[in-house]
Amino acid sequence: MAKNLRDALLSLRELLVSGGPFLLLTLALLLAAYAWLDPNPPKHVTLATGPEQSAYAEFGKRYAQALKAHGIEVTLRSSQGASDNLRLLREGQVDLAFVQGGSSESPPDEETSLVSLGSLFVEPIWLFYRSDSTHKAAPGRRLNALPALAGLRLNVGTAGSGVPNLMRALFEVNHMETGSLKLSRLEQTPATVAFLDGELDALVFASAPESPMVQMLLQTPGVSLLDFAQNEAYSRRLAFLTPVTLPRGVVDLARDLPPQDVRLVAPTTTLLARQSVHPAVLQLFSQASLQIHGKAGWFSRAREFPNASTAEFPLSREAERTLRNGVPLLQRYLPFSIANLMERMWLALGLIVAIILPLSRVVPPLYQFRMRSRVFRWYGQLRDIEDRMARASDSIDSLRAELLQLQHRVEQISVPLSYADELYALRNHIEMVRAKLFTT
């Protein structure tokens, strides 16, 4: 039993020695592929949202909760809004951010450091006005055009919110001079307080309906919403705008709010990321967007968002795959860390196998050579003894002693059973030479 174990261990050792270089090469290639692909994402990223009580802030909390389930902490950074978010991205202060269509003052095609994770939702332009102020602009009727705001006190938000850029574009297509309005640039909360106190006649938000401020103002008595009667024309003149309709009763069916359909225009919000953000993080955010924005809403049907149809910035490969195929199969059954490692390493593994497989054919002949050499290397000494015996160059006694020593060493050789015939052939040959010596 001990001998069989020793032979087995010997065979295993020789096999490891023969295949060792290839195992080391495989390990080195795997480590190089791991370092190059970097499959493990960082444990911390920063997401720029928007002002407190905004839709961006609410969505940011949902993304943070979704990624926390995969062990990634998302730090939410408040900001002035879309334009401020874009600035933070360009300066590298955040990793990802919500950005509204039309917020960039430079053409998106010129951006080389940012990628999009798709269009997430529309942000209608909510232009609320006090009903008791309409007599200044259009006595006895509901406002349905921007020029009717002439002379009113209007808050368009801070510069970092992106709303001033939007309103400037709307004023320009309506040939309106900003001097015809009394504009202010208060933040959302102070502006809302001033509006409700009568210090402002109107204020503008560009936000998803999930914004608590929008929800509150839609249900506030004495507050009306501007009807963009020309919303289709706006979408033709400004490519980043989409015509949408707030259906009658969608705010509160029991109270029939709003009492009629309200036509609005809406830019589309996308989630932008720096190209340096780890691909696995982009993949997780894209997957989270399917759950967060894929449900039916006031302005979209189920699974209408997220999409890539109105993306102004280049779509990342991770988002493209997610929007096309959904959650990968492995991630449905395995923890994300394991599934992500397998998904990102499978191609590298294929290349490594393609390199190692042809080289591995050398291992069996090398193993066979090493095992046979344990026997054949003694034939050189045996032949030398036989040659010296034929030449009578050494004494018979010394040759006999040397041959006995050789025979003793050969008896200590261990080889697997598959090579036993060669060992016994060596012993027979030693015995033949020994017979010659002892008959001389």
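Conventions used here
Here the residue numbers are simple positions, counted from 1 along each chain's written sequence. This being a predicted model, a pLDDT of at least 70 is required before a residue's local features are given, and a value of 80 or more before pairs of side-chain atoms are given or counted; all residues contribute to the totals for chains, interfaces and linings. Processing note: side-chain calculations cover all non-hydrogen atoms of the structure and skip hydrogens and water entirely. Note on geometry: axes are C-alpha line fits, over the in-contact stretch for helices, and angles between N-to-C directions span 0 to 180 degrees. Put simply, DSSP marks the helices as runs of H or I at least four residues long and the strands as runs of E at least two long, and each gets a number from the N terminus on. For classification purposes, angles smaller than 35 degrees are called roughly parallel, those larger than 145 roughly antiparallel, those between 65 and 115 roughly perpendicular, and all remaining angles oblique. Handedness of each helix crossing follows the sense of rotation of the near helix against the far helix: counterclockwise by less than a right angle gives left-handed, clockwise gives right-handed. Any two residues having at least one pair of non-hydrogen atoms within 4.5 Å are treated as being in contact. Here the nonpolar group is Ala, Val, Leu, Ile, Met, Phe, Trp, Tyr, Cys and Pro; Asp, Glu, Lys and Arg are the charged ones; every other residue, Gly included, is treated as polar. The criterion for strand pairing is that DSSP finds at least two bridges linking the strands in question. What counts as a ring pair is set by centres within 6.5 Å for rings of Phe, Tyr and Trp (its six-membered ring), and what kind of pair is set by the plane angle: stacked under 30 degrees, edge-to-face over 60, tilted for all other angles. Per-residue accessibility, obtained with a 1.4 Å probe over protein chains only, is compared with the maximum for each type, and a residue is labelled buried under 20%, exposed over 50%, and partly exposed between these values. Any Lys NZ or Arg CZ found within 6 Å of a ring centre and within 35 degrees of that ring's normal is scored as a charge over the ring. Side-chain atoms within 4.5 Å link the members of a nonpolar core, which is a set of buried Ala, Val, Leu, Ile, Met, Phe, Trp, Tyr and Cys residues. The span one expects for a helix is its residue count, reduced by one, times 1.5 Å. It is the directions from the helix axis to the C-beta atoms whose arc is reported.

Notes on the packing of helix 13 (residues 379-391) against helix 15 (residues 420-439)
Then, number 1: Look at helix 13 against helix 15: their axes get within 11 Å of each other, and the N-to-C directions meet at 15°. When the axes of helix 13 and helix 15 are compared, the pair comes out roughly parallel. Note on packing geometry: the crossing formed by helix 13 with helix 15 is left-handed. Counted together, Tyr-379, Leu-382, Ile-385, Glu-386 and Met-389 of helix 13 and Ala-425, Leu-426, His-429, Ile-430, Val-433, Lys-436 and Leu-437 of helix 15 form the full contact between these two elements.
Then, number 2: Among the residues forming the contact of helix 13 with helix 15, the class breakdown is nine nonpolar, one polar and two charged.

Observations regarding the sheet that holds strand 5 (residues 125-130)
Then, number 1: Strands sit in the order 7-6-8-5-9 across an open sheet of five strands; the sheet is mixed. Either end of the sheet is taken by a strand with one partner, and the two such strands are strand 7 (182-184) and strand 9 (223-225). The average angle at which neighbouring strand axes cross in this sheet is 25°, direction not considered.
Then, number 2: Contacts from helix 4 (residues 163-173) reach strand 5, strand 6 (153-155), strand 7 and strand 8 (202-206) within the one sheet, and its direction differs from that of strand 8 by about 110°.
Then, number 3: On top of the sheet, helix 5 (residues 188-196) reaches strand 5, strand 6, strand 8 and strand 9; it is set at about 150° to strand 8, its chief contact.

Things to note about the packing of aromatic side chains
Then, number 1: For the structure on display, the rule yields nine aromatic pairs.
Then, number 2: Plain terms: the ring middles of Phe-128 and Phe-205 are 6.4 Å apart, the flat faces sit at 70° to each other, and that makes the pair edge-to-face. Of this pair, Phe-128 sits in strand 5 while Phe-205 sits in strand 8; the two residues are 77 residues apart in sequence, bridging distant segments of the chain.
Then, number 3: Overall, the relative accessible area of 4% leaves Phe-205 in the buried class.
Then, number 4: Through a chain of ring-to-ring contacts, the aromatic side chains of Tyr-56, Phe-59, Tyr-63, Phe-98, Phe-121 and Phe-285 assemble into a single cluster.
Then, number 5: In this structure, Arg-427 is placed above the aromatic ring of Tyr-424, and the distance from its NZ or CZ to the ring centre is 5.4 Å.

Notes on unusual backbone geometry
Then, number 1: Of note, the bond from Leu-257 into Pro-258 is cis; its omega dihedral lies within 30 degrees of zero at -10°.
Then, number 2: Within the secondary structure, Pro-258 sits in the loop between strand 10 (241-246) and strand 11 (262-274).
Then, number 3: Between Phe-305 and Pro-306 the backbone carries a cis peptide bond, its omega angle lying at -5°.
Then, number 4: By the secondary structure assignment, Pro-306 is in the loop between helix 8 (279-293) and helix 9 (317-325).
Then, number 5: Phi at His-175 is positive, roughly 55°, even though this residue is not glycine.
Then, number 6: Relative to the helices and strands, His-175 is located in the loop between helix 4 and strand 7.
Then, number 7: Of note, the phi angle at Arg-303 is positive, near 65°, even though the residue is not glycine.

A look at the nonpolar core
Then, number 1: Formed by 52 residues in total, the largest nonpolar core has its most connected members in Trp-126, Phe-128, Leu-146 and Met-167.
Then, number 2: When contributions to this core are tallied by element, the ones reaching two or more residues are strand 5, helix 4, helix 5, strand 8, helix 6 (212-218), strand 9, strand 10 and strand 11.
Then, number 3: Element by element, the count of residues in this core is highest for helix 4, at seven residues.
Then, number 4: Among residues more than four places away in sequence, those in contact with Trp-126 are Leu-203, Val-204, Phe-205, Ser-207, Pro-209, Val-214, Leu-218, Leu-225, Leu-246, Leu-264, Trp-298 and Phe-299.
Then, number 5: Within the second largest apolar cluster, 30 residues are counted, among which are Ala-82, Ala-273, Leu-284 and Phe-285.

Observations regarding helix 8
For an α-helix the count is 3.6 residues per turn, leaving residues at separations of three or four pointing the same way.
Then, number 1: In this model helix 8 runs 21 Å from its N-terminal to its C-terminal C-alpha over 15 residues, within 8% of the 21 Å that 1.5 Å per residue would give.
Then, number 2: The buried count for helix 8 comes to twelve of 15 residues, which makes it a mostly enclosed element.
Then, number 3: Residues of helix 8 that are buried include every one of Ala-280, Val-281, Leu-282, Gln-283, Leu-284, Phe-285, Ser-286, Gln-287, Ala-288, Ser-289, Ile-292 and His-293, and no others.

Points about the side chain of Thr-269
Then, number 1: Here Thr-269 is to be found in strand 11.
Then, number 2: If near-sequence neighbours (up to four positions away) are discounted, Thr-269 is found in contact with Tyr-56, Phe-98, Val-99, Gln-100, Gly-118, Ser-119, Leu-120, Phe-121 and Glu-123.

Section: helix 5
Then, number 1: Of all the residues in helix 5, the buried ones are Gln-188, Ala-191, Thr-192, Ala-194 and Phe-195. Each buried residue of helix 5 sits inside an arc of 165° when the element is viewed along its axis, so together they form one side.
Then, number 2: Where helix 5 terminates, the next one or two residues include Gly-198, which has phi positive at roughly 85°.

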